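So you can see what is in the structure, the chains are spelled out below.
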Amino acid sequence: MSFTDVWQQMDWDDIRLSIYSKTDSDVKRALSKNRLNLDDFKALISPAAEPYLELMAQKSAQMTRKRFGNTISFYVPLYLSNLCANACSYCGFSMENRIKRKTLSSDEIDLEMSAIKKMKFDNLLLVTGEHEKKVGMNYFRQVFPQIKSRFNYLAMEVQPLDQNEYAELKTLGLDAVMVYQETYHPSTYAEHHLRGKKTDFTYRLETPDRLAKAGIDKIGIGALIGLEEWRTDCFFVATHLQYLEKNYWKTRYSISFPRLRPCEGELQPKSVMSDKQLVQLICAYRLFNPEVELSLSTRESALFRDNVLPLGVTSMSAASKTQPGGYANDAAELEQFSISDERTAEEVANAVRQRGFEVVWKDWHQAYSG
């Protein structure tokens, strides 16, 4: 069994109608409960819940502090390559975009790591375009020992791999993998993934199953908000999370909230999510699941990130560069998408401290387990 079996039993249109049919009474009932089910989650992400945002925010903040304390984990992405063998409508790395392509050498990785270490980070997210021939397992086998020797916690966001490949990377120091379905709507998925291995919807959908079976410590999931109707897509994410926690309870999980940002290709979102609605979604996930880690990237503005910080977020990126070599040598023409929060790591850290939180530069689990 995999999540595909669950997904096949779900009807997108029925779920969407159910979400938009939720009433004031449904929201009140969900907010009165200590343990929420998926139907309660529908109510909290519905338009009917928008007048209750203040109450949702208060409950979400209390629940987050009780579980995670006054700490915010910091991580930073290290882009190793922008080579990609996929054609995706929303990504600056898409093979059809005419940008300079680069894969970092061992010496260039050393320069990047030195620049990142000066900013205090010890929690690193390795990112590449999806090009399994030139930036695949052979490349990962070469660079993982080099990178792991200098960083406590290694996560990666690359093309989906087989279970045995994830198991091998775990022996080389891999701790976490972020793999976003982009959208759970199959025809919309096909519309935006035109060429390459990423056109395989099911293989990507089953990636978290393979990761958990390989014993990876943490798995990050999510939808690219804007490709499809956001409430329905995010309900599928919640269902996916519930399935994973039930079947692979030893693994930790995180959810991210990437909203479509300007990139080469200039795709316009099909479903626009306001800042207020993103706050609603963050709080709904927290009330639905007190344990899940919620991550907010530099795609969002500094003002928004500072204000939403207490409400449920547990980890943030800072000082991100979305192009290979960006920390040692800024080269904007290679970037994957535009950054909104352009503050330095220390500026973001100071803003976090001013709000009464402690910055954890390692993954929180590793920091507390020694």
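For the structure itself, consult the block above.
Everything in this summary refers to the structure shown in the same document. These numbers were taken from a predicted model, which means no experiment stands behind them.

Topic: the packing of helix α2 (residues 12-20) against helix α4 (residues 38-45)
Where α2 contacts α4, the axes come no closer than 8 Å and their chain directions differ by 60°. Here α2 contributes Ile15, Ser18 and Ile19 to the contact with α4, which in turn contributes Asp39, Lys42 and Ile45. For the contact of α2 with α4, the class distribution of residues is three nonpolar, one polar and two charged.

What to know about the pattern of salt bridges
A side chain of one charge can pair with a side chain of the opposite charge when the charged atoms of the two come close. Under the definition given, this model contains 25 salt bridges. The partner of Arg343 in a salt bridge is Asp306, and the shortest N-O contact between them spans 3.0 Å. Taken together, the residues span a long stretch of sequence, with Arg343 in the loop between β10 (315-317) and α15 (345-354) and Asp306 in helix α14 (residues 302-308) at a distance of 37 residues.

A few points about empty space enclosed by the protein
For the coordinates displayed, the defined rule picks out two cavities of 30 Å³ or more. Its volume calculated, the second largest cavity comes out at about 50 Å³. Lining the second largest cavity are Val179, Tyr180, Gln181, Tyr184, Arg204, Pro208, Ile221, Gly222 and His240. Grouping the amino acids of the lining of the second largest cavity by side-chain chemistry returns five nonpolar, three polar and one charged.

Comments concerning the side chain of Arg305
For Arg305, the position within the fold is in helix α14. Here the side chain of Arg305 touches Asp341 through a polar contact of 3.0 Å, side chain to side chain. Not counting the four nearest positions on each side in its chain, Arg305 is found in contact with Leu296, Ser297, Thr298, Glu300, Met316, Ser317, Ala318, Asp341 and Val348.

A word on the nonpolar core
With 105 residues, the main nonpolar core has Phe74, Ile147, Phe257, Leu281 and Tyr285 as its most contacted residues. If near-sequence neighbours (up to four positions away) are discounted, Phe74 is found in contact with Phe121, Asn123, Met316, Ala318, Ala345, Val348, Ala349, Val352, Val359, Val360 and Trp361.

Some points on the environment of Met10
Turning to its location among the elements, Met10 is positioned in the loop between α1 (3-7) and α2. Beyond its immediate chain neighbours, meaning those up to four positions away, Met10 contacts Ile15, Phe235, Phe236 and Thr239.

Overview of the pairing of strand β3 (residues 123-128)
With six of six residues buried, β3 is to be regarded as a mostly interior element. Where burial is concerned, the two faces of β3 agree: the one with Asn123, Leu125 and Val127 and the one with Leu124, Leu126 and Thr128 are both buried. Pairing analysis gives five bridges linking strand β1 (residues 71-81) to β3, with the strands arranged parallel. Pairing of Ser81 across the sheet is with Thr128, part of β3. When β3 meets strand β4 (residues 153-157), the two strands line up parallel, connected through five bridges. Its bridge partner being in β4, Leu125 is matched across the sheet by Ala155.

Comments concerning helix α5 (residues 53-68)
The end-to-end C-alpha distance of α5 is 22 Å, a good match for the 22 Å that 16 residues give at a rise of 1.5 Å each. The complete set of buried residues in α5 reads Leu53, Met56, Ala57, Ser60, Ala61, Thr64 and Phe68. In an axial view of α5, the angular spread of the buried residues amounts to 130°, which keeps them on one side of the axis. Residues of α5 that are exposed and angled more than 90 degrees away from the buried face: Glu54, Gln62 and Lys66. Positioned one or two residues after α5, Gly69 has a phi angle of 70°, which is positive.

Calculation criteria
Residues numbered from 1 in each chain as written. Predicted model: local features only at pLDDT ≥ 70, side-chain atom pairs only at ≥ 80, totals over all residues. Heavy atoms only, no water. Axes fitted to C-alpha atoms, helices over the stretch in contact; angles between N-to-C directions. Helix = DSSP H or I, 4+ residues; strand = E, 2+ residues; numbered from the N terminus. Contact = heavy atoms within 4.5 Å. Nonpolar A, V, L, I, M, F, W, Y, C, P; charged D, E, K, R; others polar. Salt bridge = Lys/Arg side-chain N within 4 Å of Asp/Glu carboxyl O. 1 Å grid on protein atoms, 1.4 Å probe; cavity = no way out; pocket = protein on both sides within 12 Å on 5 of 7 lines; lining within 4 Å. Points joined across faces, edges and corners; volume = space filled by probe spheres on them. Polar contact = N/O pair within 3.5 Å; in protein donor to acceptor, adjacent residues only side chain to side chain. Core = buried A, V, L, I, M, F, W, Y, C linked by side-chain atoms within 4.5 Å. Buried < 20%, exposed > 50% of the residue type's maximum accessible area, 1.4 Å probe, protein only. Pairing = 2+ DSSP bridges. Expected span 1.5 Å × (residues − 1). Arc of directions from axis to C-beta.

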